[in-house]
Amino acid sequence: SQQGEEDPQALSIQEGENATMNCSYKTSINNLQWYRQNSGRGLVHLILIRSNEREKHSGRLRVTLDTSKKSSSLLITASRAADTASYFCATVPNRDDKIIFGKGTRLHILP
Amino acid sequence: KAGVTQTPRYLIKTRGQQVTLSCSPISGHRSVSWYQQTPGQGLQFLFEYFSETQRNKGNFPGRFSGRQFSNSRSEMNVSTLELGDSALYLCASSQGAASGRENEQFFGPGTRLTVL
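The following paragraphs examine the structure supplied in this document.

Parameters at a glance
Residues numbered from 1 in each chain as written. Chains lettered and ligands numbered in written order. Predicted model: local features only at pLDDT ≥ 70, side-chain atom pairs only at ≥ 80, totals over all residues. Heavy atoms only, no water. Disulfide = S-S within 2.5 Å. Helix = DSSP H or I, 4+ residues; strand = E, 2+ residues; numbered from the N terminus. Buried < 20%, exposed > 50% of the residue type's maximum accessible area, 1.4 Å probe, protein only. Contact = heavy atoms within 4.5 Å. Buried area = accessible area lost by both parts, 1.4 Å probe. Polar contact = N/O pair within 3.5 Å; in protein donor to acceptor, adjacent residues only side chain to side chain. Nonpolar A, V, L, I, M, F, W, Y, C, P; charged D, E, K, R; others polar. Salt bridge = Lys/Arg side-chain N within 4 Å of Asp/Glu carboxyl O. Pairing = 2+ DSSP bridges. Axes fitted to C-alpha atoms, helices over the stretch in contact; angles between N-to-C directions. Phe/Tyr/Trp six-rings, centres within 6.5 Å; stacked < 30°, edge-to-face > 60°. Lys NZ or Arg CZ within 6 Å of the ring centre and 35° of its normal.

**As for the state of the cysteines**
Thought 1: Using the criterion set out here, one finds two disulfides over all chains in the structure.
Thought 2: What pairs with Cys23 of chain A in a disulfide is Cys89 of chain A, and their sulfur atoms sit 2.0 Å apart. Taking the torsion about the sulfur-sulfur bond, which here is approximately 60°, the covalent link between Cys23 of chain A and Cys89 of chain A counts as right-handed. Note that Cys23 of chain A is positioned in strand E3 (residues 19-24) and Cys89 of chain A in strand E9 (residues 85-93), a separation of 66 residues in sequence. Per residue, the accessibility class of Cys23 of chain A equals that of Cys89 of chain A, and both read buried.
Thought 3: Note on cysteine connectivity: Cys23 of chain B is disulfide-linked to Cys91 of chain B, with sulfurs 1.7 Å apart.

The following block contains the structure:
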């Protein structure tokens, strides 16, 4: 069964606006990661947040983690056309080495 | 450092045939994972190899198998292909630390398999 579920499934925003994507998961985790995938290509690692961290920044990306609600959010500020892609959250459950991916959010930045 | 490479990039097979896909990880990475990506099921974990041993396995039938060589290169094999096996097959490598599990994965571009 899917561990992570992203919300929304698809999102279209104007260039320059902020984009927020959410991820919910079911079991306790060691860490949570966000990846980006451009159409039909491999995934690119964006950011990793550990279970004992609440917020992390990387450039225009901001990730939050709420372990009590088993949820995470990815915020992309000042979006650009190049941000058009699918975004996946991936969880590493405790005592388990597997990384489990959600189904992703398709983000489309409108010019 | 060169990235993860996968060959071939595109493949067309017919039902009943078998296929072998290859993945070369980033130099120094000892863990290789394989994923199947389809529009309906998303990214599904197939298996992970670490130092030539299968360390984890997803919920796929025995037609899907893999192996890892001493140089960390990996192959996956699908026998008796079915139409539903059409997918993008992604390989990812990581350092594969035994602890900590900060398992950042570096993905290859994928192999697009079409089964007719």
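**Details of the interface of chain B and chain A**
Thought 1: Facing the 24 residues of chain B at the interface are 21 residues of chain A.
Thought 2: Across the chain B/chain A interface, buried area totals approximately 1,800 Å², and carbon plus sulfur atoms make up 49% of it.
Thought 3: Linking chain B to chain A there are four residue pairs in polar contact (both at pLDDT 80 or more).
Thought 4: For the side of chain B that touches chain A, the secondary structure elements donating two or more residues are strand E4 (31-38), strand E5 (42-50), strand E6 (53-57) and strand E9 (87-94) of chain B.
Thought 5: Among the elements that line the side of chain B that touches chain A, the one with the most residues is E5 of chain B, at four residues.
Thought 6: Residue composition of the side of chain B that touches chain A, by class: seven nonpolar, nine polar and eight charged.

**Examining the pattern of salt bridges**
Residues and elements named next belong to chain A.
Thought 1: All chains considered together, the criterion is met by nine salt bridges over all chains.
Thought 2: Of the charged contacts in the structure, one is a salt bridge between Asp83 and Arg60, with a shortest N-O distance of 2.9 Å. Residue Asp83 is located in the loop between strand E8 (71-76) and E9, and its partner Arg60 is located in the loop between strand E6 (55-58) and strand E7 (61-66); the two are separated by 23 residues in the primary sequence.
Thought 3: On the accessibility criterion, Asp83 (8% relative accessible area) is buried.

**Topic: the sheet that holds strand E1 (residues 5-7) of chain A**
Working definition: the strands of a sheet are paired by backbone hydrogen bonds and lie parallel or antiparallel to each other.
All names here are of chain A.
Thought 1: One open sheet accounts for five strands, arranged E1-E3-E8-E7-E6; its pairing is antiparallel. The sheet is open, and its two edges are formed by E1 and E6, each paired on a single side. Strand-to-strand twist in this sheet, taken as the mean axis angle between neighbours without regard to direction, amounts to 20°.
Thought 2: The pairing of E1 with E3 spans three bridges and is antiparallel. Looking at E3, one finds that Glu5 is bridged to Ser24.

**Here we look at the packing of aromatic side chains**
Residues and elements named next belong to chain B.
Thought 1: Overall, the coordinates contain eight aromatic pairs over all chains when judged by the stated rule.
Thought 2: Taken together, a centroid distance of 5.2 Å and an interplanar angle of 65° make the contact between Phe60 and Phe64 edge-to-face.
Thought 3: Sitting above the plane of the Phe50 ring, Arg55 keeps its charged end 4.3 Å from the centroid.

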